[in-house]
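Residue-level structural notes
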Amino acid sequence: EKAIETISNFELLEKPNANINFLKGKIFYNMKKYKEAERNFILAINKNPESAIYYNSLGVLYIKQNKVPLANAAFTEALKKAPNNMQANKIMGIINFNLKNFTEAVFYFSNSAITSYENNDYENLAKNIILLEKIKKIDPNSVDAEIMGKFYFALEGRKEKKWKK
């Protein structure tokens, strides 16, 4: 409650901006006041529609509330703004995995893994590879040789880093 009061005082001192709304959204999210969090994330997006992190946070909020179609839309927007966004790619992979859209899941997990590798985030790289291997066991046809070849080719740091669907 004190954090919201402090942020509200900032709004009195300067013109309300996207960062203030975003911060309020994060605070409300942590307080489990999801309607207020959603309202503030949307206000932040309206003020700065090019920020992928705002869409990411909105997507995480929707996942928390099991609003998968809305989360899907939020993460799709985040990836339009920042195609290499590791979190959005990974969560889109999880959404598609849970919906049994394995080919789509492979695409997103692969991009998340490549970005993890490029950022020396080996923990997330390993998690994504585990998820890819899990898909390969469930549905070998969704993880075809071409996709995995491109994935490992990119991990070797050669020519192609990301690929389009």
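Below: a short report on this structure. It should be emphasised that the depicted structure is a prediction, and the values quoted were computed from it without experimental measurement. (Residues numbered from 1 in each chain as written. Predicted model: local features only at pLDDT ≥ 70, side-chain atom pairs only at ≥ 80, totals over all residues. Heavy atoms only, no water.)

1. Section: the side chain of Asn40
Along the chain, Asn40 turns up in helix α3 (residues 34-47). Here the side chain of Asn40 touches Glu36 through a polar contact of 3.0 Å, landing on its backbone oxygen. Each residue touching Asn40, except ones within four places of it in the same chain, is listed here: Asn21, Phe22, Lys24, Gly25 and Phe28. (Helix = DSSP H or I, 4+ residues; strand = E, 2+ residues; numbered from the N terminus. Polar contact = N/O pair within 3.5 Å; in protein donor to acceptor, adjacent residues only side chain to side chain. Contact = heavy atoms within 4.5 Å.)

2. Focus: unusual backbone geometry
A positive phi angle, near 65°, is found at Lys32, a position not held by glycine. By the element assignment, Lys32 lies in the loop between α2 (18-30) and α3.

3. Looking at the pattern of salt bridges
Side chains bearing opposite charge may pair, as long as their charged atoms lie close to each other. Scanning the entire structure with this criterion turns up 5 salt bridges. A cluster of three or more residues bridged by salt bridges with shared partners is formed by Glu50, Glu77, Lys80 and Lys81. (Salt bridge = Lys/Arg side-chain N within 4 Å of Asp/Glu carboxyl O.)

4. Topic: the packing of aromatic side chains
Taken as a whole, this structure holds 6 aromatic pairs when the rule is applied. Each ring, one from Phe22 and one from Phe41, has its centre 5.9 Å from the other, and the planes form 45°; the classification is tilted. Of this pair, Phe22 sits in helix α2 while Phe41 sits in helix α3, and the two are 19 residues apart along the sequence. An identical accessibility class is assigned to Phe22 and Phe41; each is buried. When the ring of Tyr117 is compared with that of Tyr122, the centres are 6.4 Å apart and the planes differ by 75°; the resulting orientation is edge-to-face. (Phe/Tyr/Trp six-rings, centres within 6.5 Å; stacked < 30°, edge-to-face > 60°. Buried < 20%, exposed > 50% of the residue type's maximum accessible area, 1.4 Å probe, protein only.)

5. Concerning the side chain of Ser110
Counting through the fold element by element, Ser110 comes out in helix α7 (residues 102-118). Here Val106 takes part through its backbone oxygen, which lies 2.8 Å from a polar atom of the side chain of Ser110.

6. Structural notes on the environment of Lys32
The exposure class assigned to Lys32 is exposed, which follows from its relative accessible area of 58%. For the pair Lys32 and Lys64, spaced 32 residues apart in the sequence, the C-alpha separation amounts to 9.9 Å.

7. Here's the deal with the packing of α3 against helix α4 (residues 52-64)
Running from amino to carboxyl end, α3 crosses α4 at an angle of 155°, the nearest separation of the two axes being 9 Å. Between α3 and α4, the angle falls in the class roughly antiparallel. Judged by the sense of rotation from one axis to the other, the crossing of α3 with α4 is left-handed. Where α3 approaches α4, its residues Tyr34, Ala37, Glu38, Phe41, Ile42, Ala44 and Ile45 are matched on the opposing element by Tyr54, Tyr55, Ser57, Leu58, Leu61, Tyr62 and Lys64. Its residues assigned to classes, the contact of α3 with α4 comprises 11 nonpolar, 1 polar and 2 charged. (Axes fitted to C-alpha atoms, helices over the stretch in contact; angles between N-to-C directions. Parallel < 35°, antiparallel > 145°, perpendicular 65-115°, else oblique. Left-handed = near helix turned anticlockwise from the far one by under 90°. Nonpolar A, V, L, I, M, F, W, Y, C, P; charged D, E, K, R; others polar.)

8. What about the packing of α2 against α3?
Remark: α2 packs on α3, axes separated minimally by 7 Å, with the N-to-C direction vectors making an angle of 160°. Looking at the two axes, α2 sits roughly antiparallel to α3. Relative to α3, α2 is oriented so that their crossing is left-handed. Listed contacts from α3 to Ala18, Asn21, Phe22, Lys24, Gly25, Lys26, Phe28 and Tyr29 of α2 are Tyr34, Glu36, Ala37, Asn40, Phe41, Leu43, Ala44 and Lys47. Residue composition of the contact of α2 with α3, grouped by class: 9 nonpolar, 3 polar and 4 charged.

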